[in-house]
Amino acid sequence: LEIDLPLHLSLGPVTLPTLYLVAGADNSGIPIEISAALGVTLGPVQAAVDRVGVKGLLSFPNQGGNLGPANLSIAFKPPNGLGIAIDAGVVAGGGYILFNPDKGQYAGVLDVALAEIIQVKIIGVLDTILPDGSHGFSFLLIITFDFPPIQLGFGFTLNGVGGLGGVNRTMNTDA
């Protein structure tokens, strides 16, 4: 069960747009989560944190727990994502980093314009749990640079360059 409560609170440069309340049931008990989306604006820089808060597990052990017949354990819940945006004249753009603890996956994107002439885009994915569930890693990185056209002759121009790299990744060549 998940409830997203739109709060739209502003406390100076800090905003609290959403509060998340989550509860469920599994073999170990009742997992719960209370988290929030937060935002901060400081001049030309805006930052956002997604779903940071506390998580807990309410269980009912045979010998009882810290709440009589129940046991409640509480821990910090790290954010699911962090974002930043900047508009400082010469440099403008932003990025976002996502973390999925269940899959052991980190993903990020960065898109920055330098003096409105060169556009840099970077996309990265890091997996720390392999598809078979074993520990290991795989990494994918994509980088592109876009810039004003450079004449190459015969009507051709060079508008950008890019690269793709991976470690412990495969490609489906049939597709």
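Residues numbered from 1 in each chain as written. Predicted model: local features only at pLDDT ≥ 70, side-chain atom pairs only at ≥ 80, totals over all residues. Heavy atoms only, no water.

> What is the right way to look at the packing of aromatic side chains in this model?
The geometry of an aromatic ring pair comes down to the distance between the two centres and the angle between the two planes. As enumerated under the stated definition, the model contains one aromatic pair in all. We note Arg 51 situated over the ring of Tyr 20; from NZ or CZ to the ring centre the distance is 4.2 Å. (Phe/Tyr/Trp six-rings, centres within 6.5 Å; stacked < 30°, edge-to-face > 60°. Lys NZ or Arg CZ within 6 Å of the ring centre and 35° of its normal.)

> I keep staring at the environment of Leu 7 and nothing clicks. Help me out?
With respect to the helices and strands, Leu 7 occurs in strand β1 (residues 2–11). A C-alpha to C-alpha distance of 5.1 Å links Leu 7 and Pro 17, two positions 10 residues apart in sequence. Apart from residues lying up to four places away in sequence, Leu 7 is in contact with Leu 16, Pro 17, Thr 18 and Leu 19. (Helix = DSSP H or I, 4+ residues; strand = E, 2+ residues; numbered from the N terminus. Contact = heavy atoms within 4.5 Å.)

> So what exactly am I meant to see when it comes to the pattern of salt bridges here?
One pass over the full model with this rule turns up four salt bridges. With a shortest N-O distance of 3.7 Å, Lys 121 and Asp 146 are connected by a salt bridge. With Lys 121 in strand β9 (residues 118–129) and Asp 146 in strand β10 (residues 135–153), this pair connects stretches of sequence that are 25 residues apart. Lys 121 sits in the partly exposed class, given a relative accessible area of 33%. Notably, a salt bridge pairs Arg 169 with Asp 127, separated by 2.9 Å at the nearest N-O pair. In this pair, Arg 169 sits in the segment after β11 (156–167) while Asp 127 sits in strand β9, placing the two residues 42 residues apart along the sequence. Exposure remark for Arg 169: the relative accessible area of 36% places this residue in the partly exposed category. (Salt bridge = Lys/Arg side-chain N within 4 Å of Asp/Glu carboxyl O. Buried < 20%, exposed > 50% of the residue type's maximum accessible area, 1.4 Å probe, protein only.)

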